[in-house]
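Observations on the model geometry
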Amino acid sequence: MMRTRRRRYLILTAILIALPLLYLVEERVRGEWLLARTRRELSAGGEKLTINELLPRVPEGTNVVLLTPDQARSQFNLGSRTGDEVPATARMLSPGRAVVSWRRDRWLDKEAKAYTWDDFARATAGRLEQLPELRSQLTNRVLHVTLNYGEGWTLLLPHLAAFKGACQALCQAAVYDLHQGDLAPALDNLHAVARLTDLLRNEPLMIDQLVRVAIAAIARGTIWEALQADGWTDDQLVLLQSDWAGMHFTPAMVHALRMERAMNLTYFPGGANFSRNSIRQALGWGSGAFGGGSGGTPVGGGGVGQWIDALGLMIEPLTVLARIELWRHVWAPLDQRFYLKANQEIIDFGSDALARTNLGLLPNLEERGTNLIGGRLLLRRLTDEPALRQRFLASGLFAVANAKALGKCAQADAWNRVLVTAIALKRFHLKHGRPPEQLGELVPAFLPEIPIDWMDGEPLRYRLNPDSTWLLYSVGEDGNDDGGDAECPRQTNPSWTLARDYVWPQAATPEAVDAADAAILAKKEASDAAAEKWRRQAPPATPSDRYGEVPGVTNGPPRSNDEPK
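These figures come from a predicted structure and were not determined experimentally. (Residues numbered from 1 in each chain as written. Predicted model: local features only at pLDDT ≥ 70, side-chain atom pairs only at ≥ 80, totals over all residues. Heavy atoms only, no water.)

On to the overall build of the protein. Tallying secondary structure elements over the protein gives 16 helices and ten strands in all. Buried positions account for 42% of the 565 residues belonging to the protein. (Helix = DSSP H or I, 4+ residues; strand = E, 2+ residues; numbered from the N terminus. Buried < 20%, exposed > 50% of the residue type's maximum accessible area, 1.4 Å probe, protein only.)

The structure is reproduced here in C-alpha cells:
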C-alpha cells in the first residue's frame with residue numbers, strides 16, 4: 001500500500017515537472033516555426049534583413065572624398081561652442097510671433113546680461129575664420145563617411161556632434177551677415193547648411209537621421225530670419241528654395257529603420273553580436289557579479305538587516321542571469337518574430353506615406369498613424385505586464401524608439417513644405433509687391449503645384465490678414481486644423497516648431513521685443529532686491545557672531561604654541 005502511494009506521488013511529481021517543461025519546449029518549437037515563416041514572408045515581399053544587403057552605395061568620381069568618422073569629426077570640428085554671446089535665432093516671443101535677432105543691436109540672457117555684436121564677433125572669431133574652407137568642402141566635394149555597420153551598438157559616431165556644431169556655426173555666420181546687410185555671404189552659408197543636411201541623407205542609421213532632422217530645424221530658424229530681410233533677388237531666392245524643395249526626411253528614415261533592424265537582429269541568439277552582456281546592458285540590468293545585479297554595497301543598518309541586504313545583492317545577479325537564459329533558450333525566437341512584425345508595421349506605415357507623399361491619405365490614420373507618430377504602439381503593454389516583459393525582452397526596447405524616430409521625420413517633412421512655400425511667397429511678393437490671395441497664384445511660376453500638407457493630405461492652410469500680412473501653417477502632428485493655433489500647451493520652453501499647428505511666424509514688433517526685454521530686466525531687479533533684503537536680514541554667519549564668546553570654545557582659527565596668549 002505504501003509502495004503504491006509512493007509510486008503515485010512520484011508519477012504526480014513527474015507530471016508536475018513535465019508539464020512546465022513541455023510548455024517551454026512547445027514555446028521554443030512554435031517560436032522557431034513562426035520566426036522562420038515570418039522571415040520567409042518578409043523576404044518574399046522584398047524586405048532585406050541583413051546588413052550587407054543594406055549598405056549604402058559609395059559614390060564614385062574624382063571629387064569624391066571618403067572619410068572615416070574620426071576624419072569627419074576633425075574636418076568639421078570648429079572648436080569650442082559659444083553661449084549667450086550668440087543671439088537665439090527666431091526666438092518665439094508670443095504665439096505666431098518671433099524675434100528677428102539680426103535687427104537688434106543688443107540682446108539679453110535670462111540673467112538680464114546684455115550682449116552686442118562686438119561680443120558675438122569676439123566669441124565666434126575662431127570659428128568664423130574656418131568657414132570658407134568648410135563651405136568649399138561642402139559645395140565642391142562629394143563627401144562620404146564610411147562606417148562599419150557590423151560593429152552594432154559599439155559603432156562610434158564622433159562626426160555627428162561635429163556636423164551639428166558646423167551647422168550652428170554656419171547659421172550664426174549667416175545671421176551676422178544679415179545684421180551687416182551682406183545677403184550674398186549669408187546665402188553662401190545657408191547653401192552650405194543645405195549641403196551639410198544632404199550629406200547625412202544616405203547614412204542608414206536612425207541616429208544619423210535624427211541629427212539630420214536637428215540640423216534642418218536649426219537651419220529653418222535661420223532661413224526664417226533671412227526671409228525677414230529686404231534686398232533679395234529672385235535668383236538668390238530660387239537657389240534657397242531649390243536647396244530645400246528636394247529635401248525629404250521620411251524616405252531616409254525608412255531606409256535607416258531597415259538597417260537598424262538588421263543591426264538589432266545580430267543581438268538575438270545566433271547573431272554575430274549576441275552575448276549575455278549585450279542583452280543585460282541594453283536592458284539596463286547593471287553589472288554586478290555573475291554579469292548582473294545593480295552593484296553597490298549593503299544598505300542595512302547592521303546585524304540581520306545587513307545580512308539580508310548582502311544576500312539580496314548575491315541573489316539578484318543570479319536572478320538576472322536566469323531570466324536571460326530562460327529568454328535565450330525559450331522565448332528568443334518568439335521575441336525576434338514579434339520584433340520583426342512590429343518593426344515591419346512601422347516601415348510599412350512610412351512606405352505607404354511615401355507612396356502617397358503624405359500621411360493624410362493613409363487608411364485607418366487615426367488607429368495607425370496617431371499611435372505610430374506618438375510612439376504609442378501596443379508594445380507599451382510590455383512595460384506594464386511582467387509576463388510579457390519576460391517573453392519579449394528585446395522587442396519593446398527596439399521598436400518603440402523606431403516609431404518615435406519616424407514621427408520626428410514626419411514633423412520635419414511637414415515643416416519643410418511650409419518653409420519652401422514661405423520662400424515662394426517671398427518671391428511672389430518681390431515680383432508683385434503684394435502677397436497672393438491664395439496659394440494657387442504661386443503655381444506654376446513659383447511652385448510646380450499647390451503644396452500639400454504632409455500631415456493630412458490637404459493643401460497647406462493659407463489666408464491673408466487684414467493688415468496685409470499672411471498666415472501659413474500645417475495642421476501639425478495631431479492632424480486637426482486648429483485655425484493656425486501657435487500655442488505650445490505641453491512645452492516648458494515654447495517653440496513655434498512644436499505648436500498645435502505648425503505656423504510660419506510673423507516678425508514681432510520692436511515694441512513687443514522692447515517690452516519683453518523690460519520684463520526680463522524687471523524680473524532681475526526684483527530678484528536682486530529680494531536677495532539683498534534676505535542678506536540684510538540673514539542671521540550672523542559664525543557662532544561667535546551669533547552668540548558672542550562662549551567660554552571653553554575656540555572662536556576662530558586655532559593658535560600655534562608660539563603665539564602669545
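Attention now goes to the sheet that holds strand β3 (residues 97–98). Paired through backbone hydrogen bonds, the strands of a sheet run either parallel or antiparallel to each other. If you trace the three strands from one edge of the open sheet to the other, you get β2-β3-β10, paired in mixed fashion. The strands lining the two open edges of the sheet, one partner per strand, are β2 (92–94) and β10 (506–507). The pairing of β3 with β10 spans two bridges and is classified as parallel. Along β10, the bridge assignment pairs R97 with Q506. (Pairing = 2+ DSSP bridges.)

Moving on, we come to the packing of helix α7 (residues 206–227) against helix α9 (residues 250–265). Relative to each other, α7 and α9 sit at 155°, their axes nearing to 8 Å. If you check the angle between α7 and α9, you find them roughly antiparallel. When α7 is examined against α9, the residues M206, I207, Q209, L210 and R212 are found in contact with a partner set consisting of A252, M253, A256, L257 and E260. Tallied by class, the residues present in the contact of α7 with α9 amount to seven nonpolar, one polar and two charged. (Axes fitted to C-alpha atoms, helices over the stretch in contact; angles between N-to-C directions. Parallel < 35°, antiparallel > 145°, perpendicular 65-115°, else oblique. Contact = heavy atoms within 4.5 Å. Nonpolar A, V, L, I, M, F, W, Y, C, P; charged D, E, K, R; others polar.)

Counting all residues, the mean pLDDT for the protein is 83, and 80% of those residues have values of 70 or more. Low confidence marks residues 287–301, where pLDDT is under 50. Its contacts with residues over four positions away, or in another chain, come to 34 contacts. (pLDDT = per-residue confidence, 0-100.)

For the rest of this paragraph, the subject is the sheet that holds strand β9 (residues 502–503). With respect to topology, three strands assemble into an open sheet ordered β7-β8-β9, the strand pairing being antiparallel. Pairing within the sheet leaves two strands with one partner each, and these edge strands are β7 (461–464) and β9.

Moving on to the pattern of salt bridges. The final tally for this structure, using the stated rule, is 23 salt bridges. Among the ionic pairs, D198 bridges to R201, the shortest N-O distance being 2.3 Å. A relative accessible area of 24% means that D198 is categorised as partly exposed. A salt bridge links R500 to D485, with the nearest nitrogen and oxygen atoms 2.9 Å apart. (Salt bridge = Lys/Arg side-chain N within 4 Å of Asp/Glu carboxyl O.)

A few words now on the side chain of D119. Note that D119 resides in helix α3 (residues 117–129). Looking at D119, its side chain comes within polar contact range of the side chain of R122, at 2.4 Å. Not counting residues up to four positions away in its chain, the partners in contact with D119 are E85 and A114. (Polar contact = N/O pair within 3.5 Å; in protein donor to acceptor, adjacent residues only side chain to side chain.)

Moving on to the nonpolar core. Judged by nonpolar contacts, the single largest core of 111 residues is most densely connected at F76, L138, F163, L196, W244, L472 and W504. What L196 contacts, discounting residues up to four positions off in sequence, is F76, L138, F163, A166, C167 and I215. In this structure, L49, I279, L334 and A394 belong to the second largest nonpolar core, which totals 18 residues. (Core = buried A, V, L, I, M, F, W, Y, C linked by side-chain atoms within 4.5 Å.)

Moving on, we come to helix α6 (residues 183–199). In this model α6 runs 24 Å from its N-terminal to its C-terminal C-alpha over 17 residues, within 8% of the 24 Å that 1.5 Å per residue would give. In terms of residue burial, α6 counts as a mostly covered element, since twelve of its 17 residues are buried. Here α6 has its buried residues at L183, A186, L187, N189, L190, H191, A192, V193, A194, L196, T197 and L199. Contacts from the buried residues of α6 go to α2 (69–76), α4 (131–140), β6 (142–145), α5 (159–180), α7 and α8 (234–245). (Expected span 1.5 Å × (residues − 1).)

Under the 1.5 Å per step criterion, the end-to-end length of α5 is 31 Å for 22 residues, consistent within 8% with the ideal 32 Å. Counting buried positions along α5 gives 16 out of 22 residues, so the element sits mostly inside the fold. Just past α5, the residue G181 takes up positive phi, approximately 80°.

Position of I423 relative to the elements: it lies in helix α14 (residues 395–432). Overall, the relative accessible area of 0% leaves I423 in the buried class. Along the chain, I423 and Q241 lie 182 residues apart, while their C-alpha atoms are 6.2 Å from each other. With residues up to four places along the chain from it excluded, the contact list for I423 reads I223, L227, L237, L240 and Q241.

Below, the discussion takes up the packing of aromatic side chains. Taken as a whole, this structure holds 14 aromatic pairs when the rule is applied. For the ring pair W107 and W117, a centre distance of 4.9 Å and an interplane angle of 65° mean the geometry is edge-to-face. In this pair, W107 is assigned in strand β4 (residues 106–108) and W117 in helix α3, connecting sequence segments ten residues apart. Aromatic pair Y462 and W470: ring centres 6.3 Å apart, planes at 40°, arrangement tilted. Just as Y462 is buried, W470 falls in that class too. Members of the aromatic cluster, connected to one another through ring pairs, are W107, W117, F120 and Y176. (Phe/Tyr/Trp six-rings, centres within 6.5 Å; stacked < 30°, edge-to-face > 60°.)

The N-to-C vectors of α3 and α5 enclose an angle of 135°; their axes lie 11 Å apart at closest approach. As the angle between them shows, α3 and α5 are arranged oblique. Like other packed secondary-structure pairs, α3 and α5 cross with a definite hand, here left-handed. Between α3, through W117, F120, A121, T124, R127 and L128, and α5, the contact on the second element is made entirely by G165, A169, Q172, A173, V175, Y176 and H179. Of the residues assigned to the contact of α3 with α5, the class counts are eight nonpolar, four polar and one charged. (Left-handed = near helix turned anticlockwise from the far one by under 90°.)

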